[in-house]
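# Architecture and fold: a report
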Amino acid sequence: MDLERVCYGCFQRKPDDSSVCPYCGFHAEEEQPFLALPMGTVLRGRYLMGKVLGVGGFGITYLGYDLVLEIKVAVKEYMPSGLATRHADRYQVVLTGRRKEDYENGLDRFLEEARILAKLQGTPNIVSVQDHFKENNTAYFVMEYVDGMSLKAYLASQGGKIPYDQALTILQPIMKALIQVHGLGLTHRDISPDNVSITSGGDSKLLDFGAARFSLGDEKSVSVILKHGFAPEEQYSSHGSQGPWTDVYAMGATLYRCITGELPPDSIARIHHDTLKSPSELGFDLPANIEAAIMKAMAVKAEDRFPSMDAFLQAITGRSTGATLPKVGRQRGKLASANSETQTKLLQKSLVLKTAVLVICIAVTVLGVWKLLSRDSAPDQMGTSEPPFSASSELGNSVAEPSGSTQTASNDYTNDYLNFSIKIPDGFQETDPGSAAFISSDGSCSLQIGFYTYWSGFPVYTLADAEANAEKYVQYFIGILQSTDITDYKILSKEYQQIGELNSYQVQFEATESSGSTMRFLAAFIDGKNGFGCYNVIASYPQEDGDMQEKLLASIKSFQCLAAAGTSYKLFSDENLSFKFMYAEEEPALDFQMENGILTAVSMTGSDYYILTVSTLPFAGTETAGKLLEQVTEGLDTIYPGIQQLAEQKTQQNGEMEWVVQNYTYENEGIDVYMSYSVSIWQDQAYLIIFTSNQQAQLDNNGLKTDIMGSLRPAA
């Protein structure tokens, strides 16, 4: 991405240096809201921050760009304006008073929202979260970007109200999604037109789970979070009994607001004097069963409402919702068996090419629940590193915070999570405990240590990967720094060096700002003891400061690897397979099974499932990935009568690998099944990934599949 001309309002490349984007009209010189991060900031070494999408009392939401997946995202930052402000460096968040406990409690609630959304990953019509982490003394989570408008804005554009059938078209998918939410023991607690988004494609999405709480088995008091007109009376009490019936009231009020254009009176006021009028009393004509259902949903007392969203939806539609998930849950063993057989037939057919026939027999055994995309906030080193920074030049932010580090007065530093030791120059202070990022007392120099398995679009297995991609590493790094008005940069040297008993590959480069000042950088990639990945020690100092250069060089030379570095990523490699990959480790661990050179992974979470297979393909050296994909998928309609192709064949870039992808859907025993076929060619080897799930959203957003597609390499 050309960061010199990128538009931070849409992330398209502008044709010239104009401050106004010709595509979206965003004005680059408009000031960001107070307390917002500077546009062009990169978080976790991966997420490029653009314009502000919204500001609330406890957070700021930004338009972001995922530099790894190359897609727009929404990034939410914890920023309680009543408790904290932005540091002079424009990145760190600092407290404005002594209410540290309040700040940290709010931070925990903020991260709980991310964890809740992670549990709902793949649930249709609910915005999904793909990442969450701590940085800048605050926290962030990364969500899918919903391109559209809120239901509140849509109502305003339609004169304040819409016909009842249109309201139901928008809100019925949300009601079905809430049935699944409630099935997990969660209550949203903040349903209103503000938190329903209508995408540019016409789909509905439920947003903002910041008020959500587990409603089953929780005897603690529930904080008072409410929106007048939409909150039932139990939300006005911190000890009110809340559950699915709470969301039923809010959904009924939302439907009422859409149809009548009127905000319902506060539920707490209705206890003593109920002034709520039915839609027909206000002159609106709608079917009697729908009006009766809305009014019952909005009953003041919880015992008079529908006990569940499913019951509310049945009353509106006049029929059973036919929810498939409970049915699937009751037939879990049958489903696993059926999909094992289906997958075996699928692979037996799809791998029949003109050049060879692969005989496949896959036995699927479900050993437990794999928590999809619920990755914890421990330091995740798959492309999560941040560049070192100079306070005077604003050269970036600190790394994600590991745990368990110590620093003594003798400047010996040991990090227990990443398992290394190093000597830190006099006068350097760690930016945050355990961050492994240090800055000099005058802010002109920095030193930072991280462990990387992925950087700038290429996986790091060995130092050879760092050597082959040295220029890309520097270009990516300089790209991050472009917001500091860099006018020129150059690589000064690239070479292998010994650091004690460890091998390292070192790159020295410099960057010059428009003011004429030049910063130098020395990046050392160092062998670790993990069997994959490597440490990266990077130092920065002013070009003319030879004394500091010597101190930082001595520091790098003192580096020692004590044991394998802690990382949430693992290497999958087996002598029976011709490929390897890196993937995020989950708890409980996912079980991989191999048969005849094919790797199979199965995950079931409740009634949701996916089956993923990875294999090589016979490859003569002349076929394209697209042609191989056509051969693989030829004749699928004979195996799956009624199978339908979802959109056209597409290309998808994951890291350095380009995949050709084709998605399908078919019906299996009344359940919609979705399949994705992906083919890529790398170093004269063709790879095939087949993904099957009952959740369409996982076709492109499954974490394991994305990890494999970005890091798959020959085993040798």
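What comes next concerns the included structure. Please read these numbers as outputs of a predicted model, since none were measured by experiment. (Residues numbered from 1 in each chain as written. Predicted model: local features only at pLDDT ≥ 70, side-chain atom pairs only at ≥ 80, totals over all residues. Heavy atoms only, no water.)

### Some words on the overall build of the chain
Worth spelling out the cut-off: The secondary structure listing takes helices from DSSP runs of H or I that are at least 4 residues long and strands from runs of E that are at least 2 residues long, numbered from the N terminus. Relative accessibility thresholds used throughout: buried, under 20% of the residue-type maximum; exposed, over 50%; partly exposed, between the two (1.4 Å probe, protein chains only). Two residues form a contact once any of their heavy atoms are found within 4.5 Å. Reported accessibility uses the Shrake-Rupley method at a 1.4 Å probe radius. Residues are deemed covered only where the shown protein chains occlude them.
What the chain contains, in helices and strands, is 16 helices and 36 strands. When each of the 716 residues of the chain is scored for burial, the buried share is 55%. Here the analysis covers contacts within the chain between residues at least 6 apart in sequence; of these, 58% occur between residues at least 24 apart. Total accessible area computed for the chain in this model is approximately 29,600 Å², and 47% of it derives from carbon and sulfur atoms.

### What about the sheet that holds strand S8 (residues 138-144)?
Rule in force here: By this definition, two strands are paired if DSSP reports at least two bridges between them. The axes used here are C-alpha line fits, helices contributing only the stretch in contact, and every angle between their N-to-C directions lies in the interval 0 to 180 degrees.
Read from one edge of the open sheet, 6 strands run S1-S2-S3-S4-S8-S7, paired in antiparallel fashion. Of all strands in the sheet, those bounded by a partner on one side alone are strand S1 (42-43) and strand S7 (129-135). Strand contacts of helix H1 (residues 100-119): strand S4 (71-78), S7 and S8, with the helix running at about 20° to S8, the strand carrying the most contacts.

### A short note on the nonpolar core
Here is the rule: The nonpolar core is taken to be a set of buried Ala, Val, Leu, Ile, Met, Phe, Trp, Tyr and Cys residues, with the residues joined through side-chain atoms within 4.5 Å.
One finds Leu151, Met251 and Phe312 to be the most contacted residues of the largest nonpolar core, which totals 79 residues. Among all residues touching Met251, those that are not within four sequence positions of it are Leu171, Ile174, Met175, Leu178, Ile191, Met309 and Phe312.

### Observations regarding the sheet that holds strand S31 (residues 608-617)
As summarised here, the arrangement of the 7 strands in space is S29-S30-S31-S35-S34-S33-S32, forming an open sheet in which the pairing is antiparallel. Each of the sheet's edge strands pairs with one partner strand only, and the pair in question is strand S29 (592-595) and strand S32 (644-654). Sheet twist, expressed as the average angle between the axes of neighbouring strands with direction ignored, equals 20°. Taken together, the 7 bridges between strand S30 (residues 598-605) and S31 define a ladder with antiparallel strand orientation. If you follow Ala601 over to S31, its bridge partner there is Leu612. In the packing of helix H13 (residues 625-633) onto the sheet, contacts are made with S31, S32, strand S33 (657-668), strand S34 (671-682) and strand S35 (685-693), and the angle to S34 comes to roughly 140°.

### Overview of the packing of helix H3 (residues 164-183) against helix H4 (residues 244-260)
Relative orientation and spacing of two packed helices are given, respectively, by the angle between their axes and the distance between those axes. Note the following rule: To sort the angles, those under 35 degrees are grouped as roughly parallel, those over 145 as roughly antiparallel, those from 65 to 115 as roughly perpendicular, and the leftovers as oblique. By definition, any crossing whose near helix is turned counterclockwise from its far helix by less than a right angle is left-handed, and any crossing with a clockwise turn is right-handed. Ten residue types, Ala, Val, Leu, Ile, Met, Phe, Trp, Tyr, Cys and Pro, are classed as nonpolar, four, Asp, Glu, Lys and Arg, as charged, and the remainder, Gly among them, as polar.
Where H3 contacts H4, the axes come no closer than 10 Å and their chain directions differ by 170°. Judged by the angle between their axes, H3 and H4 are roughly antiparallel. As H3 runs across H4, the sense of the crossing is right-handed. Counting all contacts with H3, which are made through Tyr164, Ala167, Leu168, Leu171, Ile174, Met175, Leu178 and His182, the residues of H4 involved are Pro244, Asp247, Met251, Thr254, Leu255, Cys258 and Ile259. When the residues that make up the contact of H3 with H4 are grouped by side-chain class, the tally is 12 nonpolar, 2 polar and 1 charged.

### Things to note about the side chain of Lys14
We apply this condition: His is not counted, nor are the chain ends; Lys and Arg add positive charge and Asp and Glu add negative charge. Basic side-chain nitrogens of Lys or Arg form a salt bridge, by our definition, when they fall within 4 Å of a carboxyl oxygen of Asp or Glu.
By the secondary structure assignment, Lys14 is in the segment before S1. Buried charge without a salt bridge: Lys14, with Asp16 as the nearest opposite-charge side chain at an N-O distance of 6.5 Å. In this structure, Lys14 is in contact with Arg5, Val6, Cys7, Ser19, Val20, Cys21, Pro22, Tyr23 and Ala28, ignoring residues within four places of it in sequence.

### Digging into the pattern of salt bridges
For the coordinates displayed, the defined rule picks out 17 salt bridges. Of the charged contacts in the structure, one is a salt bridge between Asp274 and Arg270, with a shortest N-O distance of 2.7 Å. According to the relative accessible area criterion, Asp274 is partly exposed, its value standing at 42%. Looking at Arg270, the relative accessible area reads 6%, which means it is buried. For the salt bridge of Asp412 with Lys423, the shortest nitrogen-to-oxygen distance reads 2.7 Å. You can see Asp412 sitting in strand S15 (residues 412-415) and its partner Lys423 sitting in strand S16 (residues 420-423), a full 11 residues away along the chain.

### Quick notes on unusual backbone geometry
Not every positive phi belongs to a glycine, and Arg189 is a case in point at roughly 70°. Its location among the elements puts Arg189 in the loop between strand S10 (186-187) and strand S11 (196-199). One non-glycine residue with positive phi stands out, namely Asn419, at about 60°. Mapped onto the fold, Asn419 is located in the loop between S15 and S16.

### A look at the side chain of Gln508
In this fold, Gln508 is placed in strand S23 (residues 502-513). In this view, Gln508 contacts Ile491, Leu492, Ser493, Arg520, Phe521, Leu522, Tyr541 and Gln549; residues no more than four positions away in its chain are not counted.

### Some remarks on the state of the cysteines
Worth spelling out the cut-off: Cysteine sulfur atoms that come within 2.5 Å of each other are treated as a disulfide pair.
Tallied over the entire structure, the rule returns 0 disulfides. Here Cys10 stays unpaired: no disulfide links it, and the sulfur of Cys24, its closest cysteine neighbor, is 3.7 Å away. Its relative accessible area of 7% is what places Cys10 among the buried residues.

### Some details on the packing of aromatic side chains
To keep it simple, the criterion reads: Ring pairs shown here join Phe, Tyr and Trp side chains whose ring centres sit within 6.5 Å, with only the six-membered ring taken for Trp; geometry is labelled stacked below 30 degrees between planes, edge-to-face above 60, and tilted in between. For a Lys NZ or an Arg CZ to count as sitting over a ring, it must be within 6 Å of the ring centre and within 35 degrees of the ring normal.
Applying the stated criterion across every chain yields a total of 26 aromatic pairs. Seen in terms of ring centroids, Tyr413 and Phe420 are 5.9 Å apart; in terms of plane orientation they differ by 40°. Their pairing is tilted. Given a relative accessible area of 1%, Tyr413 falls into the buried group. Here the aromatic rings of Phe572 and Phe592 are separated by 4.6 Å at their centres, their planes lie at 55°, and the arrangement is tilted. With Phe572 in strand S27 (residues 569-572) and Phe592 in strand S29, the pair connects residues that are 20 residues apart, well separated along the chain. Phe572 gets classed as buried once you look at its relative accessible area, which sits at 12%. For Phe592, a relative accessible area of 14% puts it in the buried group. Taken together, the ring pairs in this structure connect Tyr413, Phe420, Phe438, Phe451, Tyr535 and Phe559 into an aromatic cluster. For Lys296, the ring lying beneath its charged end belongs to Phe306, and the centroid distance is 5.3 Å.

Keep in mind these numbers describe shape, not what the thing actually does.
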